[in-house]
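Each chain is listed here by its residues.
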Amino acid sequence: MSGSLEGRFIRLELIRVNNLPLPSRRIPAGFYVAINADSKRRWKSAVRVVSSDKSQVLGDIVILSLHEMPELSLEIRVSYELGRMLGNGEVVAKFKSSWNKLLDHGDEPFDISFPSIRGHHSSLTLKAAVVCPCNDQDGALLDSMVESEIARETDAGHERFATYVTSKTVSHLNDAVQHFQLVLDQCPVGHPDRAGALTNLAWARLEGYTQNDLQDIDSVTSLFREALALCPQGHPDHPLYLYHLTEALNWRYAKENFIAAYIHESAQLYCKLLPLCPEGTYLHSITAGADGVDYVIHECNNLPIDASDEGIHIRQVILELCPLGNERRPKALYKLGWAFRSRFEQCGSIDDLDESIQRGREAVSLSSEGHSERYAYLNALAWSLWTRFNHQGNYHDLNEAISLYEEALRLCPVGHNNRDLPLHSLGLALYTRFNQRSDVNDINRAISLQREALTLRPPGHPGRDYTLNNLAIALKFRYDKLDVSEDLDEAIDLHRDSLQLKSHGHPFRHQTLCNLSSALSSRFTRTQKNEDIEEAIRLCQESLASLPPLHPDRHYSYFKLREAYTSRYRIQHDPTDLSLAMENFRLASRHPTQGFPERIREAIDWVRQAEVYQHDSALEAYQMCLDLFNNHVMMRSSIISRREAATAFYGTRSLPVDAASCAIRRDDLRRAIELLEQGRGQQWSLASRFKTPIEDLESENPNLAHIFSELSKCLSEAQGSTVSTDRAAAERAETQYRRLQAQWETVVAEIRNIKGFSRFLLPPSYEDLQAAARHGPVIILIANQSSCGAIIVSTSEEPLHVALPSITLTDLTTLKDRFARAIRQSCRMKPGESRKDLIVLLRTVWEAIMLPIVNVLEHVIKLKHQSRIWLCPTAAFTSIPLHAAHPFITRPDRSKEPCLEDLYICSYTPTLSALVRSRKMMKKRVRPSFVAIGQGQPRAGKSKELLAVDSEIELVRKLVPETINRMTISGDAATRAGALQGLEENTWVHLACHGKQDREQPYNSHFVMKDKPITLLDIMEKDIPHAEFAFLSACHTAVGDEETPDEVIHLAAGLQFSGFKSVIGTLWEVDDAVAKHVVKAFYENLFKDLEDGDKMDCTKAAWALNRATHSVKTKVPLEQRMVFIHVGV
């Protein structure tokens, strides 16, 4: 050393380490720089976390006394602990130099290079300068290097292990393991260094295992687990110890036949690990890289689908590891969706299918047009939609599935390795559509696609059995439609080929067994060969034996088994076969994990077969149909989608009246009324569930009443009026609605356990419905193919059946059409002209329909004249003006034979429940207020001008007593918003405007206002419990829906539902010029005896209308008098 440096100090500025070497390939927790004074003393920097950059920033400044350090001896060491350090870590770089060599660089930074390690070049950037001594100048504090045996053995183990990694000499590994084991032996349970000792030993053994030099992986994972348990979350070494365990699990997975449990656990650990690895750290770069989480995701995505709860949980974990932007996210979504669909197929929960579709949509959205896997994602989404169609019957799902399959097929042109997949799937969807709509083009194309798919799945292909099965099904469908025997024989051969490829225990063997059974049953019907039907029955029994009790596909086994028994009964007429067929109808309809559409179709078929063979289960079958319909429709979140669901099944429009007729034939009139009410009142009862008064429940259990009320409010708000055009949004709304529905049903079940509430919100019993007749008998008119008749409900005795033998359903249909023509003709006639055609028709209504009923009212019930009666028409009766029935007979003394309205005050009610509900709400009455709303000049082009509206509104205003709070809304003020506000804020309403009945979609029936119409949906969404009376001086306000089993969806019923207890409606077009005569006479009669202080009474409306139509006979033609009807109390 130069004499000029004696007594001086060196100022070293350690700037950065470049390309930090890691000889043992083990991820360090951190690193530090040590400058050795001698064998016992050193200066040591802080331990720093290793960054992902090539340069590790230091920023240390150290003043060294040249007296204590005559030369520079520097080491870089890595530490495998961030907390308490075990030993001195592993030496990864060394440098020695005289000070003179370091001082040649002036004040500029310079690099010192370390010896290369496996071609790995690293260096240290620093600055060195001599500083003059000061009185208070001291050198850096030096640490004493007093080492324990634990530290010495640990350091020796690290040195031997690094040598093994470089040399691959097993003896070096054994030495390292021995050193680390000695350390662990000195760190018993409770020792602060035990976690580090466990990890060092485990890592050395893991390296030996990966190089096939050691085999005991069980002990390795056990050591890592124990170390991790000693460093829980929050410990500085917790992230690194998580990583160690994932490495052990990943290697074990790769080397032990890819056992899924190991990679599954690794995935779950990565979910915990990644958030603990800050961006920019070396640990993050490793865990987030190709050998870290990407490897785990890739391996998990390639595992077979596991539909268990655990399997789906793992798929959700993998998705969590693939945030938005991750290239592996689409595949993770695809596999998770597949797992959800598989669990649905096993357990039948529709929520799983919705989840599958949601994941599938996202996977498709994240895969661009050129994505190599897009065809698979499209196919998977389509498969889930097709499955949901089979479960729920929504045609939007089937059509979308076919569209997606078509796109997938376009992405797999001839020659594409996976073309067979969309061919097979599209064929399946097309024959499904054929089964619904019978378009022969669909089935022919389906067969063509399946044949092409079969050529791409030669013997030995894993999917050949599925295509054989599905081609056979398509051929069987075509045979059923076109009766080509060659199709059936080929289908049987293909099913047998498919079955041979599905050994016992195959997850889908049961499906092929059932399909082969069905084909054999069909051939038995054609050939009557007993061996076919016996085999068919045996195959279904085998299918059932292979399935657990709640498997969704048991439904199909029951379905095919009853098909076989029915086929044999038709040929051999053994009553036992008929009984077995009906029992399997019952089992199939009841199977809880199958979707409602399939169960409904089976129940409908049960009804038909039970009726054909006059089996005593027919009434049970009808009840099952109505219950299933109710449950199916109830799951739809929008009012319109409920109607779509109710109209989706062919031949069900007459189901309620057919059920009632069946009960009548069995002399069970009470049951007939209950079934009719349940079937016809479905749409209204579902909508009204959330408006149920709960005063009694509040007094019994206030807490439960509050929960029920809140859930009802949420459901009411969630049930949209329309179906969203955004499919994904609509599905999310449906799912949310269904979950709320499930909570609501749980609360309802709890309420029914309370004494006195056992029938809470259940379909009303006869005793409940009988209350509708409290103020006069209710006459339910029923027509179906077998008979026409009426049931008279009164409070005084049992219901009475009145046969109407002189009229049939065909007669009623003809009568309806003739009335429509006669009304149109009469509206074109002058007021004084005779309405001969109309008179003939009304006379027919009197003689064939109402006279037999009047005879019972007069002579059996002994009902006094001028008493009130309520007509409740069903089916074809709803289009007949029953209230206007008239004999048009002059007696010898020149007096007139009385008509129906001479004898009784007639009202209508859509259902008995509606009348009961209105009566109950009459208990809550508030101070009356009256609004007259008129719109005779709607927006240009919308409807013709009604010239008499303004004068009618003014007339009504004058007729309403001045003591009543009254207002008018007309002209420009009569907008949709203004009129709705008037409806909500007043108890009495008179509405004069155009009314439009929408026969295609009755919920769109509306009143025409200045800007926008008020639709039936608008009215239904209002809850106006204080409302009392509405006069609808508009056209077509009481004409029902012909397409649903519930024929009472019209504007008058909508107002009654929203709260109005008493409504005047119209059956056809109203002539506003003459209608005002009826209006004037009506209000004059209604308010005739009203004195100051008296309340307006809406229950007098029917009487007032009766008086009004009598009093205007000379002013108003017949068709304009009988157009007005009263609905309600």
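In this text, all values refer to a predicted model and were calculated from it rather than measured experimentally. Going along each chain's sequence as written, the residues are numbered from 1 onward. For this predicted model, a pLDDT threshold of at least 70 governs which residues receive local features, and a threshold of 80 or more governs which side-chain atom pairs are given and counted, while totals over whole chains, interfaces and linings are taken from all residues. Calculation of side-chain values draws on the structure's entire complement of heavy atoms; hydrogens and water are dropped beforehand.

K.L.:
Help me understand the sheet that holds strand E18 (residues 995-996), please; the structure alone is not making it clear to me.
P.N.:
Strand-to-strand pairing in sheets goes through backbone hydrogen bonds, with the strands running parallel or antiparallel. For two strands to be treated as a pair, DSSP must find no fewer than two bridges joining them. A run of DSSP states H or I qualifies as a helix once it reaches four residues; a run of E qualifies as a strand once it reaches two. Both are numbered from the N-terminal end. With antiparallel pairing, the 3 strands of this open sheet are ordered in space as E18-E19-E20. Of all the strands in the sheet, the pair left with one neighbour each is E18 and strand E20 (1014-1015). As judged from the 2 bridges shared by strand E19 (residues 1006-1007) and E20, these two strands associate in the antiparallel manner. Looking at E20, one finds that Phe 1007 is bridged to Ile 1014.

K.L.:
Any chance you could explain the side chain of Thr 199 here in plain terms?
P.N.:
On the secondary structure map, Thr 199 appears in helix H4 (residues 194-210). Any two residues whose heavy atoms approach within 4.5 Å are treated as being in contact. When near neighbours in sequence (up to four residues on either side) are disregarded, Thr 199 contacts Arg 26, Phe 224, Ala 227, Tyr 241 and His 244.

K.L.:
Which parts of the structure should I look at to understand a positive patch on the surface?
P.N.:
In this scheme, patches are assembled from residues that exceed 30% relative accessible area and form no salt bridge. Like charges are connected within 9 Å, while nonpolar side chains (Val, Leu, Ile, Met, Phe, Trp, Tyr) are connected within 5 Å. Accessibility throughout is a Shrake-Rupley quantity obtained with a 1.4 Å probe, and a residue counts as covered only by protein chains that appear here. Here a salt bridge means any side-chain nitrogen of Lys or Arg lying within 4 Å of a carboxyl oxygen belonging to Asp or Glu. Asp and Glu are treated as the negative residues and Lys and Arg as the positive ones, with His and the ends of the chain left uncounted. Every charge is mapped onto a representative atom, which is NZ of Lys, CZ of Arg, CG of Asp or CD of Glu. A surface patch of like charges, here positive, comprises Arg 818, Arg 821, Arg 824 and Arg 828. Relative to the assigned elements, Arg 821 resides in helix H33 (residues 809-827). Each residue is assigned to one of three classes by its accessible area relative to the maximum for its type, calculated with a 1.4 Å probe on protein chains only: buried under 20%, partly exposed between the two thresholds, exposed over 50%. Judged by relative accessible area, which is 47%, Arg 821 ranks as partly exposed.

K.L.:
Hey, could you run me through the sheet that holds strand E4 (residues 55-65) in this one?
P.N.:
The antiparallel open sheet is built from 4 strands, whose spatial order is E4-E1-E8-E7. For this open sheet the edge positions go to E4 and strand E7 (110-113), each flanked by a neighbour on one side alone. Going from strand to strand, the sheet's axes swing by 30° on average, the running direction of each strand aside. The pairing of strand E1 (residues 9-18) with strand E8 (residues 123-131) spans 9 bridges and is antiparallel. For Asn 18, the partnering residue across the bridge sits in E8 and is Ser 123. Inter-axis angles, ranging from 0 to 180 degrees, are taken between N-to-C directions of lines fitted to C-alpha atoms, where helices are fitted over the stretch in contact.

K.L.:
I would appreciate a short explanation of the pairing of strand E21 (residues 1029-1033) in the present structure.
P.N.:
Buried residues dominate E21, accounting for 5 of its 5 residues. Where burial is concerned, the two faces of E21 agree: the one with Phe 1029, Phe 1031 and Ser 1033 and the one with Ala 1030 and Leu 1032 are both buried. Where strand E17 (residues 988-992) lies against E21, 5 bridges are found, and the strand directions are parallel. Within E21, the position partnered with Val 989 by the bridge is Ala 1030. Strand direction decides the pairing type here: E21 and strand E22 (residues 1062-1066), joined by 3 bridges, are parallel. Counterpart to Ala 1030 in the pairing with E22 is Val 1063.

K.L.:
What should I look at first to understand helix H20 (residues 530-546) in this one?
P.N.:
Structurally, the α-helix is built with 3.6 residues per turn, so residues lying three or four positions apart point the same way. Over its 17 residues, H20 extends 25 Å from the first C-alpha to the last, a length consistent with the 24 Å expected when each residue adds 1.5 Å. If you check which residues of H20 are buried, you get Asp 532, Ile 533, Glu 535, Ala 536, Ile 537, Leu 539, Cys 540, Ser 543 and Leu 544. Multiplying 1.5 Å by the helix residue count minus one yields the expected span of that helix.

K.L.:
For this particular structure, what's the right way to read the side chain of Asn 469?
P.N.:
Summarising the element assignment, Asn 469 is placed in helix H17 (residues 464-482). A relative accessible area of 6% places Asn 469 in the buried class. Throughout this description, a polar contact denotes any pair of N or O atoms lying within 3.5 Å of each other; where both atoms belong to protein, one of them has to be capable of donating a hydrogen while the other can accept it, and for residues adjacent in sequence the pair is counted only when both atoms sit in side chains. Within the local environment of Asn 469, its side chain forms a polar contact with the side chain of Thr 512, the two groups lying 3.4 Å apart. Apart from the residues lying within four places of it in its own chain, the contact partners of Asn 469 are His 495, Ser 498, Lys 502, Thr 512 and Asn 515.

K.L.:
Would you take a moment to explain the environment of Gly 679 for this structure?
P.N.:
As for its placement among the helices and strands, Gly 679 is situated in helix H27 (residues 669-680). A relative accessible area of 3% means that Gly 679 is categorised as buried. When the C-alpha atoms of Gly 679 and Leu 655 are compared, they prove to be 7.4 Å apart, with 24 residues separating the residues in sequence.

K.L.:
Honestly, a nonpolar patch on the surface in this entry has me stumped. Any pointers?
P.N.:
There is a patch of nonpolar side chains on the surface, built from Val 47, Val 49 and Leu 82 and spanning about 200 Å² of accessible area. With respect to the helices and strands, Val 47 occurs in the loop between strand E3 (41-44) and E4. For Val 47, a relative accessible area of 32% puts it in the partly exposed group.

K.L.:
Would you explain the pattern of salt bridges in this entry?
P.N.:
Between side chains of opposite charge, pairing is possible as soon as their charged atoms come close. Taken as a whole, this structure holds 47 salt bridges when the rule is applied. Note that Arg 478 and Asp 487 form a salt bridge whose closest N and O atoms lie 2.8 Å from each other. Across the pair, exposure class does not vary: Arg 478 and Asp 487 are buried alike. The network of salt bridges with common partners includes Asp 489, Arg 523, Arg 526 and Asp 532.

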